[in-house]
Amino acid sequence: MIVSANTVPESSVPDSRVHGIDLSAATVSTTGVSEISASCLRCGRRLTSPPSVSAGFGPGCTRHFRRTAPTLPGFTSQQLEDALELLELGGIVPLRGRRVWLTVGHRGATYRTAPTGQCTCAAGVHGKPCHHVAAVRLVVV
Ligand SMILES: [Zn+2]
Ligand SMILES: [Zn+2]
């Protein structure tokens, strides 16, 4: 369902975006990387367009994700679609030198996700593959 922002009071808009921003700020202080939102999380290039800044990735890397996703083993096509969506919405933030990432769930919940396959979401804690791991893996491979 698509909710028009015009008809929804600001207070009832889902706050996953706000979480993402808060987490970025936390990352800045723990890693010493300045202006993390203004450079690509994958290649480090400066981001200039607002959509790239909010996603955290430049257009070149976004294309790379789209190309690479179908080749990623162990995930369903739905999980790969969700992973791409997560990347494009700026839903992942590196922690601890990129070995652990914070990922944002559909309802604004945040999970800790490692490219090696661990994730604190419901699927991940049961040892199942999830789109958070797929998204993180797309960035680090
Ligand atoms: Zn990039
Ligand atoms: Zn997960």
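As the structure is a prediction and not an experimental result, all values here were calculated from the model.

Caption draft 1: Representation of the pairing of strand S3 (residues 110-113) within the structure. Strand direction decides the pairing type here: strand S2 (residues 100-104) and S3, joined by four bridges, are antiparallel. Bridged to Leu-102 within S3 is Arg-112. Between S2 and S3, which follow one another and run antiparallel, lie five residues, and Gly-108 among them has a positive phi close to 85°.

Caption draft 2: Fine view of the sheet that holds S2. Read across the sheet, three strands follow the order S1-S2-S3 without closing on themselves; strand pairing throughout is antiparallel. The sheet is open, and its two borders are formed by strand S1 (92-95) and S3, each paired with just one other strand. Strand-to-strand twist across the sheet, computed as the mean angle between neighbouring axes with direction ignored, equals 25°.

Caption draft 3: Structural context of the packing of helix H4 (residues 77-88) against helix H6 (residues 131-140). Look at H4 against H6: their axes get within 8 Å of each other, and the N-to-C directions meet at 60°. It follows that H4 is oblique to H6 by the angle criterion. Where H4 crosses over H6, the two elements pack in a sense that is right-handed. Residues Gln-79, Leu-80, Asp-82, Ala-83, Leu-86 and Leu-87 of H4 form the contact with H6, whose participating residues are His-131, Ala-134, Ala-135 and Leu-138. Considering only residue class, the contact of H4 with H6 consists of seven nonpolar, two polar and one charged.

Calculation notes
Residues numbered from 1 in each chain as written. Chains lettered and ligands numbered in written order. Predicted model: local features only at pLDDT ≥ 70, side-chain atom pairs only at ≥ 80, totals over all residues. Pairing = 2+ DSSP bridges. Helix = DSSP H or I, 4+ residues; strand = E, 2+ residues; numbered from the N terminus. Axes fitted to C-alpha atoms, helices over the stretch in contact; angles between N-to-C directions. Parallel < 35°, antiparallel > 145°, perpendicular 65-115°, else oblique. Left-handed = near helix turned anticlockwise from the far one by under 90°. Contact = placed C-beta atoms within 7 Å. Nonpolar A, V, L, I, M, F, W, Y, C, P; charged D, E, K, R; others polar.

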